[in-house]
Amino acid sequence: MVDHLAIPVDKHHLLQAQVKDFIRDNKWYIPHSIFSNYPNIATILQDVHVPNFRMEDKLVWKHTNNGELCFRDAYLFQKHPLNETYWAKLIWNPSIPPSKSLLVWRLFHKKVPTDENLCARGCYVVSQCNLCGKAVETSQHLFWDCAFAKNLWTWLAYTVNIAIDTSSIDAVLNICKKSWSPQCKTVIIAAIVNLIDVIWFCRYKMRFDNKIISWKSASNMVISNTSLAGNHSSESSFSDMHEFVILKAFAVIIHAPKAPRIKEVLWHPPIASWIKCNIDGTSKCCPGPVACGGIFRDSNAAVVGCFAQNLHISPVFHAGLIRAMLAIELASKKGWISLWLETDSQLVFMAFKNHGLVPWRLRNKWLNCVELTKNMRFIISHIFREGNRCADIIALIGLQSNSFIWWDSIPFSVSDLINRNRLGLPSYRFC
Ligand SMILES: [Zn+2]
């Protein structure tokens, strides 16, 4: 406000008034001289909801949803953005021993102590690849170009039945981008990590113990280490023949996906003299503008009113709170003092239990609605969306309109669903 009014800095110490001093009888009370000199103030204030009760001024941290500033927020605000590495989550897998992931991490950072890197650090070594004896030992040669490594990568490509580009570690990890089941993805990542680790192990054995390990024995070591990782994982696999062959090749016990559970979802009418309102929201795309809808029914499951509105906002949680507030305001205007509000949004349901979840931009309006519910008999409940389809269809109508719509009777498009609810017919949820 100081910026909008362009008040000089040397006058700031004279500004002793608080926001609550400009509110009287639940309305803005701005001196006429300010309004006449700064007409844009009225435009700004019309979007700010005034609390319907006495409230102290409170500072909010506008970069967070709840308006609180905690140490974590301050850290995130100040820290320099880090480069996101897609491969970090792949190699640091809970089923793969960290000592093996560490080698791959060093390979990504070009820090594996091959002769090439030792020379770069000032060590004088006569370099020769211990696995083939035909080239200088570099990371590129040892892990990708060496005949020993090539045999192992060809064997892996044959085992998983996929062409693998072995030009670099980035190229190899590309095969993880295919839509694998969680268990099979873990097995494939573990096979890649173990194969790199086994190459390094064989090179160590040859160089320091003078022990030759053939690539076939090395491939068996990869199988045995990968089998451990795959069996340690609790993730499930798909019912897919290709994955079945891969998991069997690595001697991994297949974790079949769990059979879906079927839940019966029933809509219940309110008791006598109560009104029940089901609310829902919908959007054309995600993220995209959200519209909301609500349907008020009495104890006979008869519709006493419906509403729909295009909110033209994107955050789904904000839209969920706005439709709940809209339903409470409408019920209050209609004089329905016993209101049962039902939503399929867990977050909206939780917001009634913990007002701290409500974003600070909506909090004044939210607390005004909570004040309204204190003058009502009010309950809130959650229903799965399968039982809330009437409100969903009403919201769809709101999406096609730019203004608020109110119906006193049932819109034709939801009459079938209303009758299903009235007759107590169930919907089913697969989870
Ligand atoms: Zn070699």
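Residues numbered from 1 in each chain as written. Predicted model: local features only at pLDDT ≥ 70, side-chain atom pairs only at ≥ 80, totals over all residues.

Engineer: Would you mind going over the overall build of the protein with me for this structure?
Structural biologist: The secondary structure content of the protein amounts to 17 helices and ten strands. Principal-axis analysis of the C-alpha atoms places the extent of the protein at approximately 90 × 70 × 30 Å. Split into buried and exposed, the 431 residues of the protein put 29% on the buried side. Considering only contacts within the protein whose residues lie at least 6 apart along the sequence, 65% involve residues at least 24 apart. (Helix = DSSP H or I, 4+ residues; strand = E, 2+ residues; numbered from the N terminus. Buried ≥ 20, exposed ≤ 12 C-beta atoms within 10 Å, placed from the backbone. Contact = placed C-beta atoms within 7 Å.)

Engineer: Can you walk me through the environment of Leu-14 in this structure?
Structural biologist: As for its position among the elements, Leu-14 is in the segment before strand E1 (23–24). Once the C-alpha coordinates of Leu-14 and Val-160 are considered, the two residues, 146 residues apart in sequence, prove to be 75 Å apart.

Engineer: How do you make sense of the domain arrangement of the protein when you look at a structure like this?
Structural biologist: In many analyses, interface size is given as the accessible surface area lost on bringing the parts together. Per the domain assignment, the segments of the protein are domain 1 (9–78), domain 2 (88–249) and domain 3 (264–430). Centre-to-centre separation of domain 2 and domain 3, based on C-alpha positions: 55 Å. (Domains from an automatic or database assignment.)

Engineer: When you look at the UniProt feature "domain: Reverse transcriptase zinc-binding" (unreviewed entry) in the protein in this model, what are you seeing that I'm missing?
Structural biologist: Following the UniProt record, one finds the feature "domain: Reverse transcriptase zinc-binding" (unreviewed entry) at residues 72–153. The distance separating the terminal C-alpha atoms of residues 72–153 is 44 Å; by composition the span is 51% helix and 0% strand. (UniProt positions renumbered as here; feature names shortened; annotations may be inferred.)

Engineer: Teacher, can you tell me more about the environment of Leu-266 here?
Structural biologist: Positionally, Leu-266 belongs in the loop between strand E3 (262–265) and strand E4 (275–283). Remark: the alpha-carbon pair of Leu-266 and Glu-386, spanning 120 residues in sequence, is separated by 8.9 Å. With residues up to four places along the chain from it excluded, the contact list for Leu-266 reads Gly-387, Gly-424 and Pro-426.

Engineer: I keep staring at the packing of helix H13 (residues 316–334) against helix H14 (residues 346–353) and nothing clicks. Help me out?
Structural biologist: When two helices pack together, their arrangement is given by the angle between the helix axes and by the axis-to-axis distance. Where H13 meets H14, the axes come as close as 9 Å, and the angle between the chain directions of the two elements is 60°. As summarised for this structure, H13 and H14 are arranged oblique, according to the angle between their axes. Considering how the two elements wind past one another, H13 and H14 form a crossing that is right-handed. Between H13 and H14, the contacting residues are Phe-317, Gly-320, Leu-321 and Ala-324 on the first element and Leu-347, Val-348 and Ala-351 on the second. (Axes fitted to C-alpha atoms, helices over the stretch in contact; angles between N-to-C directions. Parallel < 35°, antiparallel > 145°, perpendicular 65-115°, else oblique. Left-handed = near helix turned anticlockwise from the far one by under 90°.)

Engineer: Looking at this structure, I do not really get helix H10 (residues 182–209). What am I missing?
Structural biologist: Three- or four-residue spacings in an α-helix give side chains the same orientation, since the helix completes a turn every 3.6 residues. With 28 residues, H10 ought to run about 40 Å at 1.5 Å a step, and its terminal C-alpha atoms sit 39 Å apart, in line with that. For H10, the buried fraction is high: 20 of the 28 residues fall into the buried class. Asn-210 lies just past H10 and shows a positive phi near 55°. (Expected span 1.5 Å × (residues − 1).)

Engineer: I'm lost on the nonpolar core in this one. Help?
Structural biologist: The nonpolar side chains of a soluble globular protein tend to be buried with one another. If you look at the biggest cluster of nonpolar residues, it comprises 41 residues, and the most contacted ones within it are Cys-277, Cys-292 and Ile-394. Counting residues per element, this core draws most heavily on H13, at nine residues. Ignoring any residue separated from it by four or fewer positions in sequence, one finds Cys-292 in contact with Ile-279, Gly-281, Gln-309, Leu-311, Ala-319, Ile-322, Arg-323, Leu-326, Ala-395 and Gly-398. Among the nonpolar cores identified, the runner-up in size contains 40 residues, and Cys-129, Val-187, Ile-188 and Ile-246 belong to it. (Core = buried A, V, L, I, M, F, W, Y, C linked by C-beta atoms within 7 Å.)

Engineer: Explain the environment of Trp-61 to me, please; I cannot follow it from the model alone.
Structural biologist: By secondary structure assignment, the location of Trp-61 is in the loop between helix H2 (40–45) and helix H3 (71–78). Each C-alpha atom of the pair Trp-61 and Trp-406 lies 37 Å from the other, and the pair is 345 residues apart in sequence. Ignoring any residue separated from it by four or fewer positions in sequence, one finds Trp-61 in contact with Gly-67, Glu-68, Leu-69 and Asp-73.

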